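These are the residues of each chain, in order.
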Amino acid sequence: MPLEKKVRPSSALGKLETLHVPRPVGNSKDGNQQPEWLARELLKQNRRRHSVTLGDKAHLTTRPLLKADLTHSPGSLKTDQVSLEDLQKLKRAFEEFEMGGLRSMDEKNFGCIVKKCLNLHNTSNTQIQELFKKIDYSGQGRISWDEFCTYMQLEYRATEECVARSKQAAFTLPATIKTVCHGVPVAKIHSTPDDTILTVQEDGSVCCWSPGLQLQKTKSVFHERPATRSSKWATDFIPMIQYSKLIIATGDREIQMYELSSLEPYCQITALETLPLTLDCCDTGPDECAIVYGDDQGCVNIILMSSAGQILRLWHKLPKTENMPSIGIDQAVLSPDVTYIRWKVHQDWVTQAKYFHNINAVVSTSDDEASAVVIGCVLPSTNIEQQLREITEACCEGKDKKVQPNWTPQPRASYDQTVFTVYKGVKTFDLCKRHNLLVTGGMDRLVRMWNPYCPGKPTGVLKGHSAPIFYLCISSEDNRLFPVSMDCTVKIWHIRDQSCLFTANTRASGIDGDISACFYSPSVKSLYIAADYMALLPLKIRPQLHRHVIVSHNEPVMCCGYSEELRQVVSCTEGSVVKVWDFDTGHQVFEFGGAHGPSTVTCMTFDPKGRRLITGGQDGCLKIWNFNNGRCLKTLKRDAECRKVCDCTYLKVHRNPYVVSVGWDRKIDIYSDTPEDPHHVQRLQAAWQDDLRKDHKDDMLCIAQCPPSLLATGSHDGEIIVWNVVSGHTQCRFHSPLPPEYQNVQGVDKSVPCIIFLRISTVRGGSSSITALLSAGAGGSINFWNVLRGGQFVSSFEASRFQQKITRLAKTQGDARLYVADQIGYIYIYNMEEFAFGPEQKPPRAGKYWRAHTSRITGLQIVDNDQVVLTSSTDCTVRLWSAHGEFIGTFGQSEPWNVYISSSWKHPAVPYEILIDPLSLPVHEILNGNTCVSNAISPDKEAEADGEELKPESHSNLQHPAPSISNTDVDEEIKNMQYPEEHEKWLCHEIIKHSAKLMNHSGLECFDIVEPPNICVRSDPSLAGIDRFRCSTEKLESTE
């Protein structure tokens, strides 16, 4: 199925394609290797063995049922390995079943047919049951052949799209433009090892640019000539990195060399036989190099130099011509360390010539069709007899025989070269040994891909350019090809798929004019183009993460949820990508993109059965999905202009299911959920009358329900409205109050991003309770509202220790604990069983808190059956924690986990990015000067003595420098301490030093310390009795 087709079919009867598409999701790379924690658990059950031997590994691998039990994951069937023959068997089995009068099949019969037709007799019923539930998204308990095929096809299609999405590439547009000096065309562009970009213009002006195209240095290297002589012009250049030289070919049949650092003249080879048009230089060994140039007579000229450093130094001492040491080519080749070869290869000008040391060959191109591309050897091949004759002659003469150069170009033998015939010739090429690939481009506007050893026919032809190909470059690391055509159009092709990933025309890039040079830098991943000006097109690349950093998505995660029916986690991103994860292992199960086109997915929820996913997007639409194959079942949208959906929920009124959403429309959108409705696009139900008259005045941000009849909404201006879903009338309306410290502060964020209903006891520890509404307030506070009797504000407390906005609220089953998440990634647990509802009651106390993410938490859900917490954040991660904050793992990590085996968790480790983030540094009351040392030692005793609970800490800043504690302060603290007098200041300093980590000092021997002076004076350790030398001396004197 072509990737360009964007419409998803609703039915696939008889049209199922069985393409073997590589799956980017699923198990880890070494899926057959057991994780360490699993091996340990298996060994624990081996009661009779007390040591590990070579036979243990084989013994462990022969117990798949035990392993499956430990991993507690049913897994999924490998539907991507189903062949066409297997599908035909399944179809015949369905047809035989339908002949009995039934149009669909139940779960039991489906399992029998699958095991029989696919030879999956060892497959567990749990796996087949999971597949059946994925196909039967509506929960009817029966599926048909049409539904089975549709599921399979859409799963394949989404997998293809996932693979294509992983290969996406693009340049940053528009291009960065810089003016070229003097307006003279650029002859060539190259780079140095430090990523400095070098350009040489035809008039000899050399420019050095930074990778960001900032001009660093420019200099004209050609010697000024009298007005009566024509000016010199450059045809090509190449840096000679090993010897720090810059080689320039000129129109005066010269090869000039300059110092690469200073651009000062060094030496030149003059009186060449022909005009050098294209130039290349390559190291062939230690202190050996080859200079290759193609000329205007179709010849490839090769200058081989051994002891090249010494030769260049000798040439540098020769007499100067036009202020540069010069040597003629006829004199240069007389040196025993210089070999000159000239091959007659083409019948037209050489357009490009390049030496490849890894294949020891020279590749040259021309516009001549018969010899468009030639891959030939450097030195001619000789037979054994000729080699023996030359060796004998050299031994008789007692020295090596220097072969005189033949200035007449010689054609290569047919066995010394490979010739490619290309229509209209070749302008440019590139060769990659890693992929065994040769690409060519020319006047016919086609990019051809060749096997270098098979010149008969190209392996692929890439079409799409509307002008002749000017430049080609292969990026072997990324499997990409970068062609540039004469009309300034740049494309990116994937080498293996031969698919176009990106196209930038002149209007998009801003590059116009006649192209004179191009260069792609693999190190900085940028394309440099010289036309009427210098242009830079940097490649869009994802930031390189630290090797310890694990992410679940490539974009910020906007929401996540857990399907208890399928034991799967679903997460949605800013890039409209939806991923499905295995809850029991953390591995990715499925992925599909473009859920809301280019718009962000802002919210999500599940239907009561957990088999369908409802997503809301920034495009103002709601969509219902079968999230296991990426099929869009329904689209819910308004008739009028649609604006951003901020939150959604699923509710039932009189047994009628509805999908309710709120957003920037400032209205409550209600859609009826009727799976049997044939219409794909579903419209709004009639709006509530109070919603039309007494609606919100600002954007609505959140929604929460309290079955059976209450619904609450919160807006950006801090207003909260509680609705009766049966009558559609407003029950009460609130306005979030500001904490006292924010009363006179301008620009305070009063928005309500999250609300939740909670059952709270009216008396501490009592059995009677009422329904309260909790909402996020300003400064990290949570407000309590009584929604009965017209509604009223009861109290508030500061939930975030750092006064950060609360972004998510969640509760456990039975409303025993409240989980609170803020915008810097912290999660707090509050025990609501010890809290009584009332204005005079003390606020709930945070039993535990930890940092789960490094940025705003966008998803928070409690999985009560497994006692874990699911979180997501804009830091691109989805994580799983125990109910007490122990780190289980990040979805997408290579090592699987087991929710029921703590040895498989990451705990006691924490995510690496949290560990190094500055906002994760611990703070303490003593460091902030809010409490004394004695209270830090036993805070619980102090609180019990006063009959009060500890108040939450209030920090306006996230980090506080340690205050300077003087000895006077320490003396004051000593008076309040219940410690013996001999402990004194030493113990106080130790407690302050280790205040965040209480230690038992009762078993330590303590000594008095000297009051430190104002200036640095060497301390006297004998006062503490620890100077062994002085102590022993004093004892000796006392004895005497």
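Summing up its helical and strand segments, the protein has 19 helices and 60 strands in all. Scored against the burial criterion, the 1040 residues of the protein give a buried share of 50%. With an accessible surface of roughly 51,300 Å², the protein has 50% of that area assigned to carbon and sulfur atoms.

Turning our eyes to something else, we now look at unusual backbone geometry. Among all residues save glycine, negative phi is the norm, and among peptide bonds the norm is trans. The step from proline 707 to proline 708 runs through a cis peptide bond, and the omega angle for that step is 10 degrees. Within the secondary structure, proline 708 sits in the loop between strand 45 (700-706) and strand 46 (710-715). A positive phi is found at leucine 263, a non-glycine position, where the angle reads about 60 degrees. Within the fold, leucine 263 resides in the loop between strand 10 (254-259) and strand 11 (265-270). Taking the relative accessible area as the measure of exposure, leucine 263 reaches 3% and is therefore buried. The phi dihedral of asparagine 323 falls on the positive side, at around 65 degrees, and the residue is not glycine.

To continue, consider the side chain of glutamine 268. Within the fold, glutamine 268 resides in strand 11. In this structure the side chain of glutamine 268 is engaged in a polar contact, spanning 2.5 Å, whose partner is the side chain of serine 326.

Here we come to helix 5 (residues 107-117). Note: α-helices contain 3.6 residues per turn, so residues at a spacing of three or four share the same orientation. Taken residue by residue, helix 5 has Phe110, Gly111, Ile113, Val114, Lys115 and Cys117 as its buried positions. Residues of helix 5 that are buried make contact with helix 4 (84-98), strand 1 (105-106), helix 6 (125-135), strand 2 (142-143) and helix 7 (145-166). Two residues or fewer past helix 5, asparagine 119 is found with a positive phi of approximately 55 degrees.

Now for the environment of serine 364. Relative to the assigned elements, serine 364 resides in strand 18 (residues 361-366). Residues serine 364 and glycine 376, 12 residues apart in the sequence, show an inter-C-alpha distance of 8.4 Å. A polar contact of 2.8 Å, which involves the side chain of serine 364, links it to the side chain of histidine 346.

Okay, the sheet that holds strand 26 (residues 480-485) next. In a beta sheet, neighbouring strands pair by backbone hydrogen bonds and run either parallel or antiparallel. Spatial strand order, 25-26-27-28: 4 strands in an open sheet with antiparallel pairing. Lying at the two open borders of the sheet, with one neighbouring strand each, are strand 25 (469-475) and strand 28 (499-504). Mean inter-strand twist for the sheet, computed between neighbouring axes without regard to direction, equals 20 degrees.

With that settled, consider the side chain of glutamine 804. For glutamine 804, the location among the structural elements is in the loop between strand 52 (792-798) and strand 53 (806-811). Judged by relative accessible area, glutamine 804 falls into the buried class, the value being 16%. Engagement of the side chain of glutamine 804 in a polar contact is seen with the side chain of glutamine 823, the distance being 3.0 Å.

Looking now at helix 6. With 8 of its 11 residues buried, helix 6 lies for the most part within the structure. Buried within helix 6 we find Gln127, Ile128, Glu130, Leu131, Phe132, Lys133, Lys134 and Ile135.

Looking now at the packing of helix 5 against helix 6. Two numbers describe how helix 5 lies on helix 6: the axes approach to 10 Å, and their chain directions differ by 115 degrees. For the crossing formed where helix 5 meets helix 6, the hand is right-handed. Mapping the contact onto sequence places Glu107, Phe110, Gly111 and Lys115 in helix 5 and Asn125, Ile128, Gln129, Leu131, Phe132 and Ile135 in helix 6. Tallied by class, residues from the contact of helix 5 with helix 6 come to 5 nonpolar, 3 polar and 2 charged.

On to the pattern of salt bridges, then. What the rule picks out here adds up to 29 salt bridges. When the shortest N-O distance is used, the salt bridge between aspartate 875 and arginine 879 registers 3.8 Å. With respect to class, aspartate 875 is no different from arginine 879; both count as buried. The structure contains a network of salt bridges with shared partners spanning Lys133, Asp136, Glu565 and Arg611.

Let us look at the pairing of strand 27 (residues 490-494). Consecutive side chains of a regular strand alternate in pointing toward one face of the sheet and then the other. When you tally the buried positions in strand 27, you get 5 out of 5 residues, the bulk of the element. Burial along strand 27 is two-sided: Val490, Ile492 and His494 and Lys491 and Trp493, pointing in opposite directions, are all buried. One ladder, built from 5 bridges, connects strand 27 with strand 28; its direction is antiparallel. Considered in strand 28, the bridge of histidine 494 is made with serine 499. If you look at the hairpin formed by strand 27 and strand 28, you'll find 4 residues sitting between the two strands, and glutamine 498 has a positive phi there, around 55 degrees.

Attention now moves to the environment of threonine 196. Note that threonine 196 resides in the loop between strand 4 (186-191) and strand 5 (197-201). In this structure the C-alpha to C-alpha distance between threonine 196 and glutamine 216, which are 20 residues apart in sequence, comes to 9.2 Å. Excluding residues that lie within four positions of it along the chain, threonine 196 makes contacts with His190, Ser191, Cys208, Trp209 and Gln216. Side chain to side chain, threonine 196 and aspartate 194 meet in a polar contact 3.1 Å long.

Among the 8 residues of strand 50 (residues 769-776), 7 are classified as buried, and the element is accordingly described as predominantly covered. Sheet analysis places strand 49 (residues 755-761) next to strand 50, joined by 7 bridges and oriented antiparallel. Paired with isoleucine 760 across the bridge in strand 50 is isoleucine 770. Direction of pairing for strand 50 relative to strand 51 (residues 781-786): antiparallel, over a ladder of 5 bridges. Counterpart to leucine 774 in the pairing with strand 51 is phenylalanine 784. The antiparallel pairing of strand 50 with strand 51 creates a hairpin that spans 4 residues between the two strands, and glycine 779 there sits at a positive phi of about 65 degrees.

On to the packing of aromatic side chains, then. A complete count under the given rule lists 27 aromatic pairs for this structure. Geometrically, the ring pair formed by phenylalanine 734 and tryptophan 785 is stacked, given 4.5 Å between the ring centres and 20 degrees between the ring planes. With a gap of 51 residues between them, phenylalanine 734 in strand 48 (residues 730-735) and tryptophan 785 in strand 51 connect regions that are remote in the sequence. The class of phenylalanine 734 is buried, set by a relative accessible area of 4%.

What follows covers the confidence of the model for the protein. Chain-level pLDDT for the protein is 79 on average; 77% of the residues reach the 70-or-more range. Within the model, pLDDT remains below 50 along residues 1-31, and this stretch shows 67 contacts once partners closer than five positions in the same chain are excluded. Counted against residues more than four places away or in other chains, residues 47-75, with its pLDDT under 50, gives 38 contacts.

Counting residues in each nonpolar core, the largest one holds 37 residues, and the members touching the most others are Phe171, Ile189, Leu527 and Ile529. Apart from residues no more than four positions distant in its own chain, leucine 527 is found in contact with Phe171, Tyr471, Val484, Val490, Phe519, Tyr520, Ala535, Leu536 and Leu537. Of all hydrophobic cores here, the second largest spans 28 residues; its members include Ile255, Met257, Cys281 and Tyr293.

What follows covers the sheet that holds strand 5. With antiparallel pairing, the 4 strands of this open sheet are ordered in space as 4-5-6-7. Edge positions in the sheet fall to strand 4 and strand 7 (215-220), since each has one partner strand and no second. Within the sheet, the average angular offset between the axes of one strand and its neighbour, ignoring direction, is 15 degrees. As judged from the 5 bridges shared by strand 4 and strand 5, these two strands associate in the antiparallel manner. When the bridges of strand 5 are listed, serine 191 appears paired with isoleucine 197.

Right, let's get into a nonpolar patch on the surface. On the surface, a cluster of nonpolar side chains totalling about 300 Å² of accessible area is made up of Val910, Leu915 and Ile916. Within the secondary structure layout, leucine 915 lies in helix 13 (residues 912-916). Note on leucine 915: relative accessible area 60%, which makes it exposed.

The next subject is the packing of helix 4 against helix 5. It is at 10 Å that the axes of helix 4 and helix 5 come closest, and there the two elements cross at 145 degrees. Between helix 4 and helix 5 lies a crossing whose hand is right-handed. Contacts from Asp86, Lys89, Leu90, Ala93, Phe94 and Phe97 in helix 4 reach Asn109, Phe110, Ile113, Val114 and Cys117 in helix 5.

The next point concerns the state of the cysteines. One pass over the full model with this rule turns up 0 disulfides. Just so you know, cysteine 432 is unpaired, no disulfide at all, and the nearest cysteine sulfur is the one on cysteine 473, 9.8 Å from it.

Criteria and cut-off values
- Residues numbered from 1 in each chain as written.
- Predicted model: local features only at pLDDT ≥ 70, side-chain atom pairs only at ≥ 80, totals over all residues.
- Heavy atoms only, no water.
- Helix = DSSP H or I, 4+ residues; strand = E, 2+ residues; numbered from the N terminus.
- Buried < 20%, exposed > 50% of the residue type's maximum accessible area, 1.4 Å probe, protein only.
- Areas by Shrake-Rupley, 256 points an atom, 1.4 Å probe, with all protein chains shown as cover.
- Polar contact = N/O pair within 3.5 Å; in protein donor to acceptor, adjacent residues only side chain to side chain.
- Contact = heavy atoms within 4.5 Å.
- Pairing = 2+ DSSP bridges.
- Axes fitted to C-alpha atoms, helices over the stretch in contact; angles between N-to-C directions.
- Left-handed = near helix turned anticlockwise from the far one by under 90°.
- Nonpolar A, V, L, I, M, F, W, Y, C, P; charged D, E, K, R; others polar.
- Salt bridge = Lys/Arg side-chain N within 4 Å of Asp/Glu carboxyl O.
- Phe/Tyr/Trp six-rings, centres within 6.5 Å; stacked < 30°, edge-to-face > 60°.
- pLDDT = per-residue confidence, 0-100.
- Core = buried A, V, L, I, M, F, W, Y, C linked by side-chain atoms within 4.5 Å.
- Patch = residues over 30% accessible without salt bridge, like charges linked within 9 Å, V, L, I, M, F, W, Y side chains within 5 Å.
- Disulfide = S-S within 2.5 Å.

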